[in-house]
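# Observations on the three-dimensional arrangement
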Amino acid sequence: MKGLGKIIATAVRALVTGIISLCFLAAGYGCAELLFSVTGRPAPFWAYIVSGIFGLLVFAGTVNLIFVVIHKVFNRRHGDQRMDFYHHVTGALKKIAQGNFDVFIPSADSDRRGNVYFNEIAESVNKMAKELSSMEKLRQDFISNVSHEIQSPLTSISGFAALLKNEALSPEQRSHYLDIIETESKRLSKLSDNLLKLSALEADQTSFTPHEFRLDKQIESCVLMLEPQWREKNIRLDLALAKVIFLGDEELLTQVWVNLLHNAVKFTPADGCIGIALTENENAVCCTISDNGIGIPEEDQIHIFERFYKVDKSRDRSFGGNGLGLSLVKKIVDIHHGQISMISAVGKGTEFAITLPR
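What you are looking at is a predicted structure, and each value in this text was computed from that prediction instead of being measured.

Rules and cut-offs
Residues numbered from 1 in each chain as written. Predicted model: local features only at pLDDT ≥ 70, side-chain atom pairs only at ≥ 80, totals over all residues. Heavy atoms only, no water. 1 Å grid on protein atoms, 1.4 Å probe; cavity = no way out; pocket = protein on both sides within 12 Å on 5 of 7 lines; lining within 4 Å. Points joined across faces, edges and corners; volume = space filled by probe spheres on them. Helix = DSSP H or I, 4+ residues; strand = E, 2+ residues; numbered from the N terminus. Nonpolar A, V, L, I, M, F, W, Y, C, P; charged D, E, K, R; others polar. Phe/Tyr/Trp six-rings, centres within 6.5 Å; stacked < 30°, edge-to-face > 60°. Buried < 20%, exposed > 50% of the residue type's maximum accessible area, 1.4 Å probe, protein only. Axes fitted to C-alpha atoms, helices over the stretch in contact; angles between N-to-C directions. Parallel < 35°, antiparallel > 145°, perpendicular 65-115°, else oblique. Left-handed = near helix turned anticlockwise from the far one by under 90°. Contact = heavy atoms within 4.5 Å. Disulfide = S-S within 2.5 Å. Core = buried A, V, L, I, M, F, W, Y, C linked by side-chain atoms within 4.5 Å. Pairing = 2+ DSSP bridges. Expected span 1.5 Å × (residues − 1). Polar contact = N/O pair within 3.5 Å; in protein donor to acceptor, adjacent residues only side chain to side chain. Salt bridge = Lys/Arg side-chain N within 4 Å of Asp/Glu carboxyl O.

## Section: empty space enclosed by the protein
If you roll a probe as big as a water molecule over the atoms, it shows you where there is empty space left. Summed over all chains, the structure comprises 1 cavity of 30 Å³ or more. As a volume, the largest cavity reaches approximately 50 Å³. Contributing elements (two or more residues each) for the lining of the largest cavity: α8 (250-266) and β4 (273-280). Among the elements that take part in the lining of the largest cavity, α8 stands out by supplying 3 residues, more than any other. For the lining of the largest cavity, the per-class residue count stands at 9 nonpolar, no polar and no charged.

Spelled out as structure tokens, the structure:
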């Protein structure tokens, strides 16, 4: 019975934590919408940033309210030892409200009556600080990666634009520099586009509009869209597409096939082969896209769907990737309640399998 009680208590705490988090997000979103009704709505990326800032402000105000309430409760009912515990808790919450998540509250004497509840508070605050610290690190890494990815093409564009001012350049040199500027501009545009798509999907602000369509025809269209790239490398395509009528968001799924096929073409050598198969049963449809390209090392495979992760950064730079394509694919498959898996070996190629439930 004690074990069942612990499970129920844990489930209730998790539910309450989730509800509180949603309340913070909803409050931040509501404040931002109120502001936008007066000032006008900015670009989507900045709208998400403003909503997040309002959410943090609501969180900070709530934290301050919590330790004020705790202060009154402790003053009324507890002695010096528990006042020490109160100071630990309020001090930790103040640090958290100021953005310092490097806090730890020691447990109270478990032999004293009632201290078990204080230890639960200490455990909850310590856990909250740890999770917020992890979120802050992810945020800083994200900003660092975005800055790096933006700075690289901007440096190239600026450098080659300066070289074009040299009137002694030959037409061939001038054309070469202009091609580089155009390529880097497209890479910058694709990075911005993928960031906005990911932000919209993760904020559940992209309209999900499912309807029935021919999935095999959609994949064929994506293959034809990339024909110049695979023909240039003389890549052979083996297609085995069953006729499949699927209910889903056609626009979002197009991005899945384009990203996976583009990667397959990019990392498959000249005269290589790419296989595309589509099958179905009464419960799900499955599409596999395989190639005999360079493959992915085993130690990198668990990170492959992380944002900005690149297997070989120096090599990936020459291919023009930004590490967001597979993150976008994974998010879209998740939205359709599907699964994506990968099998790969260095020098032998890679196979992605996407299973989408009916």
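## Quick notes on the packing of aromatic side chains
By the definition in use, this model includes 2 aromatic pairs. Ring geometry for F160 against Y177: centres 5.3 Å apart, planes inclined by 45 degrees, an arrangement best described as tilted. In this pair, F160 is assigned in helix α4 (residues 115-163) and Y177 in helix α5 (residues 171-202), connecting sequence segments 17 residues apart. For Y177, a relative accessible area of 16% translates into the label buried. Consider the rings of F213 and F246, whose centres lie 6.4 Å apart with planes at 85 degrees: the pair is edge-to-face. Of this pair, F213 sits in strand β1 (residues 211-214) while F246 is found in strand β3 (residues 245-248), placing the two residues 33 residues apart along the sequence. Neither residue differs from the other here; F213 and F246 are each classed as buried.

## Quick notes on the packing of helix α6 (residues 215-225) against α8
Taken N-terminus to C-terminus, the directions of α6 and α8 make an angle of 45 degrees; their axes are 10 Å apart at the nearest point. With respect to their mutual orientation, α6 and α8 come out oblique. Crossing of α6 against α8: the hand is right-handed. Between α6, through L215, Q218, I219, C222, V223 and M225, and α8, the contact on the second element is made entirely by E250, L253, T254, W257, V258 and L261.

## Some details on the state of the cysteines
Summed over all chains, the structure comprises 0 disulfides. In this model C286 remains outside any disulfide bridge; the closest cysteine sulfur is found in C287, 7.2 Å from its own. For C286, a relative accessible area of 22% translates into the label partly exposed.

## Quick look at the nonpolar core
Ranked by size, the top nonpolar core spans 39 residues in total, and within it L215, W257, I276 and I289 carry the most contacts. Elements represented by at least two residues in this core include exactly α6, β2 (236-241), α8, β4, β5 (284-291), α11 (325-335), β6 (339-345) and β7 (349-357). Looking at this core, the element that brings in the most residues is α8, giving 8 residues. With residues near it in sequence (within four places) discarded, W257 still touches L215, Q218, I219, C222, C287, I289 and I354.

## Brief notes about the sheet that holds β2
An order of β2-β4-β5-β7-β6 is seen for the 5 strands of this open sheet, with the pairing classed as mixed. Among the strands making up the open sheet, the edge pair consists of β2 and β6. For this sheet, the mean inter-axis angle between neighbouring strands, taken without regard to orientation, is 10 degrees. Here β4 pairs with β5 via 7 bridges, running antiparallel. Along β5, the bridge assignment pairs E280 with V285. Seen against the sheet, α6 touches β2, β4 and β5 and runs at an angle of roughly 165 degrees to β4. Across the sheet, α11 touches β6 and β7, and the angle it forms with β6 is around 140 degrees.

## Overview of α8
At 3.6 residues per turn, the α-helix brings residues three or four places apart onto the same side. In this model α8 runs 24 Å from its N-terminal to its C-terminal C-alpha over 17 residues, within 8% of the 24 Å that 1.5 Å per residue would give. Buried residues dominate α8, accounting for 12 of its 17 residues. When we look at burial in α8, the residues that qualify are L252, L253, Q255, V256, W257, N259, L260, L261, N263, A264, V265 and K266. Structurally, the start of α8 carries an N-cap: the backbone nitrogen of E251 is 3.2 Å from a side-chain oxygen of D249.

## Structural notes on the environment of T90
Mapped onto the elements, T90 comes out in helix α3 (residues 80-97). Along the sequence, T90 and I105 sit 15 residues apart, while their C-alpha atoms lie 10.0 Å from each other.

## Concerning the pattern of salt bridges
In total, this model carries 6 salt bridges according to the counting rule given. Residue D216 pairs with R214 through a salt bridge whose shortest N-O separation is 2.8 Å. When its relative accessible area of 4% is taken as the criterion, D216 is described as buried.

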